[in-house]
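Okay, here's what each chain looks like letter by letter:
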Amino acid sequence: MYRETTVYGLIFRVLCASALVVLVNGILLVVLLRAIIGERETAQLARHSQEVLTSASRLESLLVDAETGVRGFLLTGEESFLEPWDAARAAIPAESANLQQLTVVPEQATKSRQIAQAIDSYLHEYAEPVVDAGRRNDASARSTATTEDGKRRVDTIRAEFERLKTTERGLAVVRDEQAEATAGQAVVVVVVGVTGSLLLILLFVGYLTRTVIRPVRRAAAMADRLAGGELDTRIPETGAAEIRTLERSFNRMGRSLEQNRDELTRLAGEQAALRRVATLVAHAEPPPVVFTAVAEEAGGVLGADGTLLLRYEADGTATVAASWGAASPETAGGARVTPDPDGVAAQVLRSGEPARIEGGVAALGEGIRSAVGVPILVEGTLWGVMKALSTRDEPLPADAEDRFANFTDLVATAIANAQARTDLAASRARVVAAADETRRRIERDLHDGIQQRLVSLALDLRAAEAGVPAELPGLLAELSGVISGLAAAVDELREISRGIHPAILSEGGLGPALRALARRSAVPVAIDVRVEGRLPRPVEVAAYYTVAEALANATKHARASEVRVEAAVRGDRLHVSVRDDGIGGADPARGSGLIGLTDRIEALEGRITVASPPGLGTSIEVELPVGVDE
């Protein structure tokens, strides 16, 4: 019933108002039609009265003509005076019948019949006998008495004519008065009807303005404000019927838009937070940095009062990886905690599924009213849990677990990436260390084995050369040639072993080894080494081969006139720089030496930068951590 009223109420009111206006206008039209019809009837009656009067006048005129002709004939005896009499007598019956037909009012009809009878009596009972007597020259026909009798008859009939005319004129006057009264009433009714119609129309317009136009304008203004972003705009639901439905719909639309905006804002904030964390993961930031960012971003997105990232340990305890907000001081990063058996961390550890606790139970801790825990799975293995804590009476959102899962996935990715990078770096470091150890063993084997044997052979040949008799100059020359060949072979072997692994690096450290490289370089080298004591062997080897490769490239390709080498320890990192003034244009991607250096340095978690703009020389910058394990 309410819906019917709502849907059809305004239409019903408009139809009622329209029907009322139509009714008033209909009444007005009826009155006008009646007035018009009355006027037409009055005009017709007026014409009829005029016809009656005209017919009576003609009939009276014919009677007078007949009476005048009879009187003239009686006085003169001439037949010519009877012409009007004959004409009148011939026309009187038709005119008399016409008059009786025209007189429809009973009183007038009676009078017209009486007049017709009187005229007929006058003609047949007086005029015709008198004319016949006059034609017979009867003296009595021309007597005064006869003449007076005829005049008296005619006067009587004419008196009847006068009464008929007077009565007809009176009827015409009455009809005119009635017509005027009807017209006056019609005017009054029309004026009242028009005034009433105008008043009804004004009232209807006012009603429509109040119930339709103003609410529609308010709705339009609301729509403009909504379009302008003021989504909290509302209008009072005071309209009637459909207008109230429209207002309610606009308010519902405003609430829906506001909810959608809030939801989009929430989603945008959540996506922005996820992007920030994903950026840290993509940039390979250390896990602690990612953990801290996740704790803060996830807590802010969820509207929690605090968040905790816990890593499960084998003994049933957990290590705090990161905390934010309402976490207690003892849950700072790195702290060991024992999960409450009834808490969400323990529930997640047991089930491997998300868990939720609400209502401020003891397992939540003091002041905490609700908590949500989501597992962190790294390559299918339960690594830890991410907890959200709330101190408010209302519980955490129903979709908190799903929204937290987006962050735990990033945490798992960061852990997996960090582990992969660690494993890769360790593997590369082991490969480089194994290669260096192999090179050093080869260098040692060459130095302690073949090189020593060659030196011993050279000494034995020197002794044999000294014992050769002078008379055998040919043998002496041959022995000298062999001794020189052995000396050259020893020098070449020494150079090869130095290329495999410089002995001076193992014996004297980085400073002497770099200075030895500078002395042997074909290009002048300005060297500045500020390294005190020994550095880890992998760091010294990486720095040595960096300088060696740079000097070799400067000699072979750069056309350099000078090279500057600098090495210094700053903080916990060794900085090595090699710059030349050559032609530049070196491309690290095309040189196997630089690629090998890059692999070696990155295996030690170091960094190498090559800058070689054409015409401006080449610069190689290397940073190596000095805390690398040997």
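The numbering scheme is per chain: residues are counted from 1 as the chain's sequence reads. In keeping with the model being predicted, local features are shown solely for residues with a pLDDT of at least 70 and side-chain atom pairs are shown and tallied solely at 80 or more, while totals for entire chains, interfaces and linings include all residues. The side-chain values count all of the structure's non-hydrogen atoms but skip hydrogen atoms and water molecules.

### What about the packing of helix 11 (residues 510–520) against helix 12 (residues 537–558)?
To define axes, lines are fitted to C-alpha atoms, for helices over the stretch in contact only, and angles between the resulting N-to-C directions are given on a 0 to 180 degree scale. A run of DSSP states H or I qualifies as a helix once it reaches four residues; a run of E qualifies as a strand once it reaches two. Both are numbered from the N-terminal end. Where helix 11 meets helix 12, the axes come as close as 10 Å, and the angle between the chain directions of the two elements is 10 degrees. Relative to helix 12, the element helix 11 is oriented roughly parallel. Contacts between helix 11 and helix 12 pair Leu510, Ala513, Leu514, Leu517 and Arg520 from the former with Glu540, Ala543, Tyr544, Val547, Ala548 and Leu551 from the latter. Residue classes follow a fixed rule: Ala, Val, Leu, Ile, Met, Phe, Trp, Tyr, Cys and Pro count as nonpolar, while Asp, Glu, Lys and Arg count as charged, and any other residue, Gly among them, counts as polar. Per-class residue counts for the contact of helix 11 with helix 12 are 9 nonpolar, no polar and 2 charged. Convention used here: angles under 35 degrees read as roughly parallel, angles over 145 as roughly antiparallel, angles from 65 to 115 as roughly perpendicular, and any remaining angle as oblique. Contacts between residues were defined by any pair of non-hydrogen atoms, one from each residue, lying within 4.5 Å.

### Observations concerning the sheet that holds strand 7 (residues 525–530)
Pairing between strands is defined by DSSP: at least two bridges between them are needed. Reading across from one edge, 7-8-9-11-10 is the order of the 5 strands in this open sheet, with mixed pairing throughout. In this open sheet, the two edge strands, each paired with only one partner strand, are strand 7 and strand 10 (607–611). Strand-to-strand twist in this sheet, taken as the mean axis angle between neighbours without regard to direction, amounts to 10 degrees. Note: strand 8 (residues 563–570) against strand 9 (residues 573–580), 8 bridges, orientation antiparallel. Bridge pairing links Glu566 to Ser577 in strand 9. Against the sheet, helix 11 makes contact with strand 7, strand 8 and strand 9, and its axis sits at roughly 180 degrees relative to strand 7, the strand it touches most. In the packing of helix 12 onto the sheet, contacts are made with strand 7, strand 8, strand 9 and strand 11 (619–625), and the angle to strand 9 comes to roughly 5 degrees.

### Comments concerning the side chain of Ser577
By secondary structure assignment, the location of Ser577 is in strand 9. When a residue's accessible area, from a 1.4 Å probe over protein chains only, is under 20% of the maximum for its type it is buried; when over 50% it is exposed; and in between it is partly exposed. Residue Ser577 is classed as buried on the basis of its relative accessible area, which comes to 4%. Polar contacts involving the side chain of Ser577 include one to the side chain of Arg579, which spans 2.9 Å. Contact partners of Ser577, with chain neighbours within four places excluded, come to Arg564, Val565, Glu566, Ile620 and Glu621. Here a polar contact means two N or O atoms within 3.5 Å. Within protein one must be a hydrogen donor candidate and the other an acceptor candidate, and residues neighboring in sequence count only if both atoms are side-chain atoms.

### Some details on empty space enclosed by the protein
The pocket and cavity definitions rest on a 1 Å grid over protein atoms only: a 1.4 Å probe that fits but cannot leave marks a cavity, an open set with protein on both sides within 12 Å along at least five of seven lines marks a pocket, and residues lining either have an atom within 4 Å of a point. Grid points are joined across faces, edges and corners, and a volume is the space filled by probe spheres set on the points. Enumeration according to the criterion identifies 2 cavities of 30 Å³ or more in this entry. Lining the largest cavity are Glu67, Val70, Arg71, Leu74, Tyr122, Tyr126, Thr147, Gly150 and Lys151. Taken together, the elements giving at least two residues each to the lining of the largest cavity come down to helix 1 (2–76), helix 3 (106–135) and helix 4 (144–227). When residues of the lining of the largest cavity are assigned to their parent elements, the largest contribution, 4 residues, is made by helix 1. Residues belonging to the lining of the largest cavity are distributed by class as follows: 4 nonpolar, 2 polar and 3 charged.

### Let's talk about helix 4
Here the expected length of a helix is defined as 1.5 Å per residue gap, with one fewer gap than residues. If you check helix 4, its first and last C-alpha atoms are 117 Å apart, about what 84 residues at 1.5 Å a residue would give, namely 124 Å. Note on bend: at a given residue it equals the angle between the axes fitted to the 7 residues ending there and to the 7 starting there. When the local axis directions of helix 4 are compared, the greatest deviation, roughly 45 degrees, occurs at Thr209. A positive phi of about 100 degrees marks Gly229, the residue just after helix 4.

### Focus: the pairing of strand 7
The sheet contact formed by strand 7 and strand 8 spans 6 bridges and is parallel. Of the residues in strand 8, the one forming a bridge with Ala526 is Arg564. Between the parallel elements strand 7 and strand 8, the chain passes through helix 12 in a crossover that is left-handed. Note on handedness: a clockwise path from strand one over the helix to strand two, with the strands aimed away from the viewer, defines a right-handed crossover.

### Points about the pattern of salt bridges
Salt bridges are defined as contacts in which a side-chain nitrogen from Lys or Arg sits within 4 Å of a carboxyl oxygen from Asp or Glu. For the coordinates displayed, the defined rule picks out 21 salt bridges. Two residues, Lys151 and Asp155, come together in a salt bridge whose shortest N-O distance is 3.0 Å. Of this pair, Lys151 and Asp155 both sit in helix 4, 4 residues apart, which is roughly one turn of that helix. With its nearest N and O atoms 3.1 Å apart, the salt bridge here joins Glu623 to Arg607. Placement of the pair is Glu623 in strand 11 and Arg607 in strand 10, with a sequence separation of 16 residues. It is possible to trace a salt-bridge network through shared partners that takes in Arg311, Glu313, Asp315 and Arg336.

### So, the packing of helix 3 against helix 4
Following both chains from N to C, one finds helix 3 and helix 4 inclined at 165 degrees, their axes separated by 10 Å at the closest point. Judged by the angle between their axes, helix 3 and helix 4 are roughly antiparallel. Here helix 3 runs over helix 4; the crossing is left-handed. Looking at the contact of helix 3 with helix 4, its residues break down into 11 nonpolar, 7 polar and 8 charged. Here a crossing is called left-handed whenever its near helix is offset anticlockwise from the far helix by less than a right angle, and right-handed whenever the offset is clockwise.

### Digging into the pairing of strand 11
Most of strand 11 is tucked away, with 5 of its 7 residues classed as buried. With 5 bridges connecting them, strand 10 and strand 11 associate as antiparallel partners. From the neighbouring strand, Thr609 faces strand 11, where its bridge partner is Glu621.

### Quick notes on the sheet that holds strand 5 (residues 370–378)
The sheet built from 6 strands is open, its strands ordered 3-2-1-6-5-4 with antiparallel pairing. Where the open sheet ends on each side, the last strands, each with one partner, are strand 3 (336–337) and strand 4 (355–358). As judged from the 6 bridges shared by strand 1 (residues 306–312) and strand 6 (residues 381–390), these two strands associate in the antiparallel manner. Of the residues in strand 6, the one forming a bridge with Arg311 is Gly384.

### Some remarks on a nonpolar patch on the surface
A cluster of nonpolar side chains, Leu29, Leu32, Leu33, Ile36 and Ile37, forms an exposed patch at the surface whose accessible area comes to about 430 Å². Relative to the assigned elements, Ile37 resides in helix 1. Only residues whose relative accessible area exceeds 30% and that form no salt bridge enter a patch; like-charged residues are grouped when within 9 Å of one another, and nonpolar side chains (Val, Leu, Ile, Met, Phe, Trp, Tyr) when within 5 Å. In this description, accessible areas are obtained by the Shrake-Rupley approach with a 1.4 Å probe, and a residue is regarded as covered only by the protein chains that are shown.

### Side note on the environment of Glu107
Here Glu107 is to be found in helix 3. Residue class for Glu107 comes out partly exposed when judged on its relative accessible area of 47%.

### Quick notes on the packing of aromatic side chains
Aromatic contacts are taken between Phe, Tyr and Trp rings whose centres are within 6.5 Å, Trp giving its six-membered ring; a plane angle under 30 degrees counts as stacked, one over 60 as edge-to-face, and the others as tilted. With the rule as written, the count across this model stands at 2 aromatic pairs. Their ring planes at 80 degrees and their centres at 5.5 Å tell us that Tyr544 and Tyr545 sit as a pair that is edge-to-face. Across the pair, Tyr545 and Tyr544 agree in class, each one buried.

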